[in-house]
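Chain residues, written in single-letter form:
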Amino acid sequence: MLKVENLYLRISNTDILRNLSIKVEKGEIVAIVGRNGAGKSSTFKSIVGIYKPAGGKIIMDDQDITGLPTHLRVRNGIGYVPEDMRIFPWLTARENIHLAAYLSRNLDRYEEIMEIILTIFPEIKQFLDREGFYLSGGEKKMLAIARSLATLPKYLLIDEALEGLAPIVVERFRDAIKMIKERGIGIVIAESNVLLATKTAERLYVLERGEIIFEGSSEQLLSNPEVMKILRGT
Ligand SMILES: Nc1ncnc2c1ncn2[C@@H]1O[C@H](COP(=O)(O)OP(=O)(O)OP(=O)(O)O)[C@@H](O)[C@H]1O
Ligand SMILES: [Mg+2]
């Protein structure tokens with residue numbers, strides 16, 4: 001289980017996250033939903049160690065990883081797909097994946113990694129030798145998730161997994177996320193679109209101004225008028 005306990009994040013004297021606790025089991029899909037600026041990306045950046053929280057703990061499989069640098073968190077099993085994807089534009093799709101396998105010290109399992117990736121995203125075969133710069137938004141997102149799989153994560157954080165995708169493509173990504181889950185990986189997605197999130201996740205957290213204000217199933221969330229009102233900003 002990946003557990004975040006009582007996280008506090010302050011940046012320039014502003015509370016960005018307050019007493020935030022979330023958890024995800026292996027093979028579970030959890031979503032963090034919240035309006036723009038609620039703190040979803042900051043939560044992920046704190047979990048991977050890009051931001052240094054003022055308080056709280058991050059525990060992975062009973063190991064306290066709060067003090068570990070980012071590269072060791074990734075090597076220990078936390079995969080991260082940032083909101084802006086960060087695909088290297090002048091490397092091909094294959095090189096982007098290869099580099100992630102190399103940096104996470106998984107090059108000895110490169111063939112197995114490629115097999116996993118191409119089973120989940122067979123579409124990638126068509127653009128393996130194309131440079132990142134020339135990929136579409138959807139292709140970049142696919143590659144970003146594939147690249148994170150090359151680090152052989154136990155837990156995977158996908159920031160805006162479904163945002164900006166055409167409806168038919170959303171379905172495709174949802175299937176891929178389910179295939180990743182079936183490999184026993186615990187997945188956390190961050191979404192500002194509640195409906196996209198409720199159709200994908202088994203359990204959801206609602207984040208509002210840096211605080212968790214709701215935890216429950218899709219049905220519980222959709223039938224909670226107060227929380228839905230906050231999410232709509234009305
Ligand atoms: N490095 C930083 N310096 C200053 N403010 C920051 C920093 N990082 C985040 N914030 C602020 O923290 C708040 C939460 O930002 P965050 O990016 O986590 O929101 P989000 O929920 O991911 O929003 P979105 O849906 O727009 O991606 C925002 O008000 C943002 O401006
Ligand atoms: Mg964000």
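Residues numbered from 1 in each chain as written. Chains lettered and ligands numbered in written order. Predicted model: local features only at pLDDT ≥ 70, side-chain atom pairs only at ≥ 80, totals over all residues. Heavy atoms only, no water.

Caption draft 1: Quick look at the sheet that holds strand 7 (residues 155-159). Strand order across the open sheet formed by 6 strands is 6-7-8-3-9-10, with mixed pairing between neighbours. If you trace the sheet from one side to the other, it starts and ends with strand 6 (78-81) and strand 10 (211-216), each paired once. Taking each pair of neighbouring strands and ignoring which way they run, the sheet shows an average axis angle of 20 degrees. In this structure, strand 6 lies alongside strand 7, joined through 4 bridges in parallel fashion. Bridging across to strand 7, Tyr80 finds its partner in Leu157. Sheet strands in contact with helix 6 (residues 167-182) are strand 3 (29-33), strand 7 and strand 8 (186-191), and its direction is about 150 degrees off that of strand 8. (Pairing = 2+ DSSP bridges. Helix = DSSP H or I, 4+ residues; strand = E, 2+ residues; numbered from the N terminus. Axes fitted to C-alpha atoms, helices over the stretch in contact; angles between N-to-C directions. Contact = heavy atoms within 4.5 Å.)

Caption draft 2: Quick look at empty space enclosed by the protein. Inspection of the entire model under this criterion finds 1 cavity of 30 Å³ or more. Each pocket or cavity is described by its volume, and for the largest cavity that value is around 30 Å³. In this structure, the largest cavity is lined by Leu2, Val4, Ile22, Lys23, Val24, Ile47 and Val188. For the lining of the largest cavity, the elements supplying multiple residues, two or more each, are strand 1 (2-11) and strand 2 (14-24). Per element, the largest residue contribution to the lining of the largest cavity is 3 residues, and it comes from strand 2. Tallied by class, residues from the lining of the largest cavity come to 6 nonpolar, no polar and 1 charged. (1 Å grid on protein atoms, 1.4 Å probe; cavity = no way out; pocket = protein on both sides within 12 Å on 5 of 7 lines; lining within 4 Å. Points joined across faces, edges and corners; volume = space filled by probe spheres on them. Nonpolar A, V, L, I, M, F, W, Y, C, P; charged D, E, K, R; others polar.)

Caption draft 3: Just the pairing of strand 10, in detail. Where strand 9 (residues 203-208) meets strand 10, 5 bridges bridge the pair, whose relative direction is antiparallel. Its bridge partner lying in strand 10, Leu207 is registered against Ile212. What sits between strand 9 and strand 10 in their antiparallel hairpin is a turn of 2 residues, with Arg209 showing a positive phi close to 45 degrees.

Caption draft 4: Quick peek at the layout of surface pockets. By volume, the largest pocket is sized at about 650 Å³. Along its surface, the largest pocket is lined by 27 residues, and Val74, Tyr80, Pro82, Arg147 and Thr151 are the ones closest to its centre. Of all the secondary structure elements, the ones that give two or more residues to the lining of the largest pocket are helix 1 (40-48), helix 2 (70-76), strand 6, helix 3 (93-103) and helix 5 (137-149). Looking at side-chain class alone, the lining of the largest pocket contains 13 nonpolar, 7 polar and 7 charged residues. Counting contributing residues, the lining of the largest pocket receives three or more from each of domain 1 (1-77 + 155-160 + 185-234) and domain 2 (80-152). (Domains from an automatic or database assignment.)

Caption draft 5: Geometry of the environment of Glu160. Within the secondary structure layout, Glu160 lies in the loop between strand 7 and helix 6. Spatially, the C-alpha atoms of Glu160 and Ile189 are 6.7 Å apart, while their sequence positions differ by 29 residues. Not counting the four nearest positions on each side in its chain, Glu160 is found in contact with Glu83, Lys141, Ala190 and Glu191.

Caption draft 6: Molecular detail of the domain arrangement of the protein chain. Structurally, the protein chain comprises domain 1 (1-77 + 155-160 + 185-234) and domain 2 (80-152). Just the C-alpha atoms count here: the centres of domain 1 and domain 2 sit 24 Å apart. Each side of the interface is counted separately: domain 1 has 13 residues, and domain 2 has 12 residues. Between domain 1 and domain 2 the total buried area reaches about 1,100 Å² when both faces are included, carbon and sulfur atoms providing 58% of it. (Buried area = accessible area lost by both parts, 1.4 Å probe.)

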